[in-house]
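Descriptive structure summary
The primary structure of each chain is shown beneath.
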Amino acid sequence: MGALTKRIVVAVPAIALLIFATFWEHTSLFKLLAVVGLGLALLEYLTLVQARQKGKVLRVEGMIALLLILLPWVLKPMVDWEGWGTLLAGLWILTLSFLWSDRGVKDMIPSVAATFFGVAYFGLLGVYFFRLRELPNGSWHLLLVFAATWAYDTGGFFVGGRWGRHKLAPQASPKKSWEGCAGGVALAFLALAGLWAWVPFFHGFFTLADMAVLAVLLSVFGQLGDLVESAIKRSLNAKDSGSFFPGHGGLFDRIDSLLFNAPLLFYYLSLFKH
C-alpha cells in the first residue's frame with residue numbers, strides 16, 4: 001500500500017467519526033473524543049520531552065492538570081469561562097508534587113516548565129473546541145474550521161510537493177513553501193465557497209466576503225499552528241509527534257492547525273457575528 005493510499009484509508013473513517021460526533025444531538029461523544037484527543041496529544045508531547053531531552057516530565061500530574069481545565073466543559077457548558085482558575089490549580093499540582101516525592105529538587109524548574117507548557121498549550125487552546133460546539137449552530141461552525149483546515153493542508157501538500165521552491169520557514173519546517181501556502185489558501189477558499197453555496201446555514205449566516213476573509217485567516221493561523229508544532233518537534237529532534245495514525249504521525253500532528261483555528265473562529269464570531 002502506497003503512502004498516499006495509507007493516508008486516505010486512515011483519514012476517511014477518522015473524519016467520518018469526527019463529523020458524526022460533531023453533529024450528533026448529544027454532545028457526549030464529541031466531548032469524549034475531544035478530551036481523549038487532547039489528552040493523547042499532551043501525552044505524545046510529554047513522551048517526546050522525556051525521550052529526547054531526558055527531562056523528568058510530570059506525566060500523571062500533567063494529565064490531571066489538563067483534565068482540570070477540560071472537566072468543567074465536559075460537565076456543564078461554560079461559554080464565558082476562560083480557564084485561568086483551573087490552570088492555576090494545575091500549576092499548584094505540578095509544583096507541589098515535588099514537596100512529597102523522591103524527585104530531586106534540582107529538576108523542579110525544567111520539569112514543571114516543560115510540563116506546564118504542554119498543559120497550557122493543549123488546555124487553553126483545546127477548550128475552544130468545546131466553546132465552539134456550545135454556541136448556537138456550533139456544529140456548523142466546527143465544520144467550517146475542519147473544512148478550511150483540511151482543505152488548506154491538502155492544497156499545501158499537493159501544490160507544495162509539485163511546485164514548491166521558496167521556503168516558508170526553513171528553520172521550523174524545511175519542506176513548507178510559499179507555493180504550497182498559496183495552493184492551500186486557494187483550496188481553503190474553494191472549500192468554504194462550496195459550503196456557502198450548497199449549505200443553507202452558511203449562506204444564511206455568513207456572507208461570501210466572510211468566507212473569503214475566513215479562508216485567508218484560517219489558512220494563515222492554521223499554518224502558524226503547524227509551524228509551531230514543527231518547531232517544537234525540531235527542538236526535540238523528532239520527525240513526528242507519535243505514530244497514532246499510520247501515515248499521518250501522531251495526534252498532535254493532526255490537530256496542530258485546529259488548535260490555532262478554533263480560537264480564531266470563536267473570536268471572529270464574537271467580534272463580527274455577535
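Now for a quick tour of the structure. Just so it is clear, the structure is predicted and the values come from calculations on it, not from any experiment.

Here the focus is the packing of helix α6 (residues 138-163) against helix α7 (residues 178-198). To characterise two packed helices, one gives the angle between the axes of the helices and the distance between these axes. Contact geometry for α6 and α7: axes closest at 6 Å, N-to-C directions at 145 degrees. Where α6 crosses over α7, the handedness of that crossing is right-handed. Residues L143, L144, A147, A148, A151, Y152, T154, G155, G156, V159, G160 and W163 of α6 pack against E179, G180, C181, G183, G184, V185, L187, A188, A191, L192 and L195 of α7. Taken together, the residues that form the contact of α6 with α7 break down as 15 nonpolar, seven polar and one charged.

Looking now at the pattern of salt bridges. Counted by the stated rule, this structure contains five salt bridges. A salt bridge links K31 to E134, with the shortest nitrogen-to-oxygen separation between them at 3.7 Å. In this pair, K31 is assigned in helix α2 (residues 28-53) and E134 in helix α5 (residues 108-134), connecting sequence segments 103 residues apart. According to the relative accessible area criterion, K31 is buried, its value standing at 9%. Residue classification places E134 among the partly exposed residues on the basis of a relative accessible area of 21%. K273 is the salt-bridge partner of D210, the closest N and O atoms lying 3.0 Å from each other. Residue D210 is found in helix α9 (residues 208-235), and its partner K273 is found in helix α10 (residues 251-273); the two are separated by 63 residues along the sequence. Residues joined in a network through salt bridges with shared partners are E229, K233 and D253.

For the coordinates displayed, the defined rule picks out 21 aromatic pairs. Here Y128 and F266 contribute two aromatic rings whose centre-to-centre distance is 5.6 Å and whose plane-to-plane angle is 65 degrees, an arrangement assigned as edge-to-face. Pair noted here: Y128 is in helix α5 and F266 is in helix α10, with a separation of 138 residues, a long-range link. Here the aromatic rings of F201 and F202 are separated by 5.3 Å at their centres, their planes lie at 70 degrees, and the arrangement is edge-to-face. Members of the aromatic cluster, joined through ring pairs, are F23, W140, F201, F202, F205 and F206. Above the face of the F205 ring, K273 is positioned so that its terminal group lies 5.6 Å from the ring centre.

Quick notes on the rules
Residues numbered from 1 in each chain as written. Predicted model: local features only at pLDDT ≥ 70, side-chain atom pairs only at ≥ 80, totals over all residues. Heavy atoms only, no water. Axes fitted to C-alpha atoms, helices over the stretch in contact; angles between N-to-C directions. Helix = DSSP H or I, 4+ residues; strand = E, 2+ residues; numbered from the N terminus. Left-handed = near helix turned anticlockwise from the far one by under 90°. Contact = heavy atoms within 4.5 Å. Nonpolar A, V, L, I, M, F, W, Y, C, P; charged D, E, K, R; others polar. Salt bridge = Lys/Arg side-chain N within 4 Å of Asp/Glu carboxyl O. Buried < 20%, exposed > 50% of the residue type's maximum accessible area, 1.4 Å probe, protein only. Phe/Tyr/Trp six-rings, centres within 6.5 Å; stacked < 30°, edge-to-face > 60°. Lys NZ or Arg CZ within 6 Å of the ring centre and 35° of its normal.

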